[in-house]
Structures are given as C-alpha cells and as structure tokens.
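So you can see what is in the structure, the chains are spelled out below.
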Protein chains: 2
Amino acid sequence: MGQKVMVSAITREEVREAILDATDHLLARYGYRKMTVDDIAQEAGIGKGTIYLHFASKEEVTLSHVDRIVERLKERLWAIARSDADVAIRLRLMLVARVLFRFDSVQQYTQSLNDLLAALRPKLLARRARYFEDEARVFAEVLNEGARRKVFNVDDALSTAFALIHATNSLLPYSLSTNELGERDEIKEKTEHIADLILTGLLRKQNAPAARRRR
Amino acid sequence: MGQKVMVSAITREEVREAILDATDHLLARYGYRKMTVDDIAQEAGIGKGTIYLHFASKEEVTLSHVDRIVERLKERLWAIARSDADVAIRLRLMLVARVLFRFDSVQQYTQSLNDLLAALRPKLLARRARYFEDEARVFAEVLNEGARRKVFNVDDALSTAFALIHATNSLLPYSLSTNELGERDEIKEKTEHIADLILTGLLRKQNAPAARRRR
C-alpha cells in the first residue's frame, strides 16, 4: 500500500469527476439525446477509451451525474443538520435546500431536462427511491434531536421524515418538467410555505410562535 | 323556450356523456395512442360524425374526459366542504379525496396512463393550473370558515390552500407514472400523514389534540 497507489487512486477519481463535469456542460448545451460519448471525451480532453474505463455507456455516465447531484445535496443536508442553528430552522433550511439544490443543478438545462427524464425515467425511478431514503435518514436525525430536546412532537421520526419528503416532492424537477418548474423565487416561496405549515405542526406549543412566519 | 328545446339540450348532454364514458373504457382497454375516433364511436354506439359534432379530435375528447374527472372531484370536494363534519376533519377528508379520487379514476388504465401523459402533457399542463385554482378555492372556503370559528390559525386562506395543494401534488397520477403510483393503501397513508402534519400546524392550540392521529 505505498504512496503510488494512493496517487493513482486520486487521479482515477479526478478523471471520473472531469467526465461528470463534461457531461454536465454537454447536457446543458446539447441535451441528453444529442450528446455522444465522443462529445464527452472531447469536452473532458481525454480519449473515448478512458471514458469506457469508468462508465459502460452514455446512460451510465448520465445516471452517475444525477447520482453526483444527489450526493452533493446529501452533503449539504448533513452540513445543515449538524450546524448550530435552532433545530426548527435547520429543518426548514433542509426542506428548502432539497428543492432548490436540485432546481439549481438543472436550471441551465432548460429544454433538455425533458429529454433526459423521458430517456432515463425507469432507471431514475429505481434510484429515486434510494435517494429519498438517504434524505429521509438525514431528516429523521434532526427530527429525533428535536424530539429529544422536546422541541418537536414526533412519534416516528423516519415516517415523519418521509412525509416531509413527499410534501415537497411535487416541487422537484423530476415531477415538474422545465416549463412547469417556474421561477426560482416562486418555487422557494411554495417550499417555504409548506415547510412553515408543517413546522408549526411539529413544534410543541410553547415553541410554536418561533417558527411561524406570518404571525 | 318550449319543452322541445329542453329535451334536445338534455339529449345532447347525454350523447356527450356517452362519448366520454366510451373514451374512459377505451383508455383503460387500449390506451391513448391505440384508441381511434372510430373506436369511440363504436363503443358509444353512435356514428363517427356525431362525435365530431361534440369534439374536434381524439385529443379534444380525451382532454374533456380529464376535465370531467376533475369536475366530479370538485363536486366531491364541495360536498365535503359543505358537510356537517368538524372543520378539521373536512379538510383532512378533502386532502385525501383530491389524491384518491384521481387515483381511482385512472387506476384501471395501468400502462396507458403514461401514453396519455406523454401525448397530452403540454395541454394538460395549461389545464392543471386551472384545476388547482378551482380546488384551492374550495380549500380556502373551509380554511376561512375554520379561521372564523377560531379553530385554525390562517392568515391568507388562499395562499394556505395552494400550499395544501402543493404538499399533496407529488402523490397525484400526473406527477407519478403508473409504476410509481404504488398501492392505493400506501398512497392513502402518505396523504394522511401529510394532512395530519399540516392540520396539527393549522389548529389552534386548544384544538390541537383532536386531529392528531398518533398521540
């Protein structure tokens, strides 16, 4: 396990990242259907063969690119979950983050998102269940913390976490097409309103006024 | 304005209903793409020309069929809204109804719903905004009543009504494909959980325990 192995492992990861970065640019520029593995290789400045060392197909690259968006979102959610903010504020920020992080990640794609969703929908569907479970685990941790601190009324944290996820899922780019997404501010406001309604319900009475926006 | 005019108006409406009933059966049996106007005429037991007296195209018939589902849902929502039940119970029933009424209306289609959504998505999109506005008005009426009776904490009833709609939209067949819809019981439970979370938030403190399922 010498240093050489470490260096080569890092490089492999860097190449992978470069391929996914190139895919991101090309999806925004051409859309999924028009994009080829040759395009990705050229954009990344590497040989086509190198791409096939990392990914079996254009489909695989694109799915990994979506995975990366959700991985980054999860890092973001954990960062909020472990921050010093009030537990209700953290939950609200996390709900807004799970909607807007995705919005921001695909906003530049405009037309081509429909392409991608149409072509990969069954495979994305299988992944989505996993994405939501991972997200639910982060939400459950904060809900449990709130329950321990007697700030939230929560009986089953994981089940409540899934309800939070379902309550905001209609605002994700996956459910909405690009036309339907609307303006970022609008999406943000809708998410915040749902978050506030639910937070008011979760908060124990003595804490309730703190998280209420309109009172 | 003799009786004859009345009779002919009723008959015209009946023919229209028969065409939409036939469309419903055919969508379940063949799916949107395979269904033709000839099929609809045969299923309804009328001439093809009669269909064109009512609808310009297969697309128009199908969109009117979707309109009819939502019209019936709205009747259902108004019936619940105007019932004698506790105002919080009414709101909960309405949330579950808006999800399950749609689920039940398309459940028999299985595969063919994807067809229909793919073919008509842009046109359905425009209609959906109107559907949601109409639904929001029913919810707002109950929210306002709850506020007047000092059962709910609601500042802007229409805006809260839209939040209720967005919070349950991810469970509608339009956002989910048939594969994604899952079991009816599962959908029902998810909707009820969201409804309970939000209701707990809306209820004024002294009323809060009444609507809480798990406490």
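1. With respect to the overall build of chain A
Turning to step 1, where the next piece is worked out: Helix and strand counts for chain A stand at nine helices and zero strands.
Turning to step 2, where the next piece is worked out: Going residue by residue from the N terminus, the α and β elements of chain A occur as α-α-α-α-α-α-α-α-α.
Turning to step 3, where the next piece is worked out: Out of the 215 residues in chain A, the part that is buried amounts to 38%.

2. Brief notes about the confidence of the model for chain A
All names here are of chain A.
Turning to step 1, where the next piece is worked out: Summing up the model confidence of chain A, the mean pLDDT is 84 and the portion of residues at 70 or higher is 83%.
Turning to step 2, where the next piece is worked out: The low-confidence segment residues 206-215, where pLDDT is below 50, has 15 contacts with residues more than four positions distant or belonging to other chains.
Turning to step 3, where the next piece is worked out: Confidence metrics for the complex model read pTM 0.82 and ipTM 0.79.

3. Brief notes about the nonpolar core
Turning to step 1, where the next piece is worked out: Counting residues in hydrophobic clusters, the biggest one holds 92 residues, and the most contacted among them are A:Met94, A:Phe139, A:Ala161, A:Ile198, B:Phe139, B:Ala161 and B:Ile198.
Turning to step 2, where the next piece is worked out: When sequence neighbours within four positions are dropped, the list of residues in contact with B:Ile198 reads A:Leu197, A:Ile198, A:Gly201, B:Leu164 and B:Ala167.
Turning to step 3, where the next piece is worked out: In terms of nonpolar packing, the next biggest core, distinct from the first, is built from 15 residues, A:Ile19, A:Val61, A:Val106 and A:Leu113 among them.

4. Considering the packing of helix H4 (residues 58-81) of chain B against helix H5 (residues 87-106) of chain B
Residues and elements named next belong to chain B.
Turning to step 1, where the next piece is worked out: For the pair H4 and H5, interaxial distance at closest approach is 10 Å and the crossing angle is 160 degrees. Considered as vectors, H4 and H5 are oriented roughly antiparallel to each other. Taken as a pair, H4 and H5 cross one another with a handedness that is right-handed. Of the residues in H5, those in contact with Ile69, Leu73, Arg76, Leu77, Ile80 and Ala81 of H4 are Arg90, Leu93, Met94, Ala97, Arg98, Phe101, Arg102 and Ser105.
Turning to step 2, where the next piece is worked out: A breakdown of the residues in the contact of H4 with H5 according to their chemical character gives nine nonpolar, one polar and four charged.

5. Some points on the environment of B:Ile198
Turning to step 1, where the next piece is worked out: Topologically, B:Ile198 is positioned in helix H9 (residues 184-202).
Turning to step 2, where the next piece is worked out: For the pair B:Ile198 and B:Val138, spaced 60 residues apart in sequence, the C-alpha to C-alpha distance is 17 Å.

6. Some remarks on helix H4 (residues 58-81) of chain A
Turning to step 1, where the next piece is worked out: For H4(A), which comprises 24 residues, the first-to-last C-alpha distance of 35 Å matches the rise-based estimate of 34 Å (1.5 Å per residue) to within 8%.
Turning to step 2, where the next piece is worked out: Along H4(A), the positions that sit buried rather than exposed are A:Lys58, A:Val61, A:Thr62, A:His65, A:Val66, A:Val70, A:Leu73, A:Leu77, A:Ile80 and A:Ala81.

7. Looking at helix H7 (residues 157-169) of chain A
Residues and elements named next belong to chain A.
Turning to step 1, where the next piece is worked out: Between its terminal C-alpha atoms H7 stretches 18 Å, which fits the 18 Å expected from 13 residues at 1.5 Å a residue.
Turning to step 2, where the next piece is worked out: In terms of burial, H7 is a largely internal element, 11 of the 13 residues being buried.
Turning to step 3, where the next piece is worked out: Those residues of H7 lying buried are Ala157, Thr160, Ala161, Phe162, Ala163, Leu164, Ile165, His166, Ala167, Thr168 and Asn169.

8. Examining the environment of A:Asp185
Residues and elements named next belong to chain A.
Turning to step 1, where the next piece is worked out: Locating Asp185 in the fold gives a position in helix H9 (residues 184-202).
Turning to step 2, where the next piece is worked out: Accessibility expressed as a C-beta count within 10 Å gives 8 for Asp185, which makes it exposed.
Turning to step 3, where the next piece is worked out: Between the alpha carbons of Asp185 and Leu100 there is a distance of 9.6 Å; along the sequence they are 85 residues apart.

9. Some thoughts on unusual backbone geometry
All names here are of chain A.
Turning to step 1, where the next piece is worked out: With phi around 60 degrees, Lys150 is a residue other than glycine that occupies positive phi space.
Turning to step 2, where the next piece is worked out: Mapped onto the elements, Lys150 comes out in the loop between helix H6 (112-148) and H7.
Turning to step 3, where the next piece is worked out: Since 10 C-beta atoms lie within 10 Å of it, Lys150 is described here as exposed.

About the criteria used
Residues numbered from 1 in each chain as written. Chains lettered and ligands numbered in written order. Predicted model: local features only at pLDDT ≥ 70, side-chain atom pairs only at ≥ 80, totals over all residues. Helix = DSSP H or I, 4+ residues; strand = E, 2+ residues; numbered from the N terminus. Buried ≥ 20, exposed ≤ 12 C-beta atoms within 10 Å, placed from the backbone. pLDDT = per-residue confidence, 0-100. Contact = placed C-beta atoms within 7 Å. Core = buried A, V, L, I, M, F, W, Y, C linked by C-beta atoms within 7 Å. Axes fitted to C-alpha atoms, helices over the stretch in contact; angles between N-to-C directions. Parallel < 35°, antiparallel > 145°, perpendicular 65-115°, else oblique. Left-handed = near helix turned anticlockwise from the far one by under 90°. Nonpolar A, V, L, I, M, F, W, Y, C, P; charged D, E, K, R; others polar. Expected span 1.5 Å × (residues − 1).

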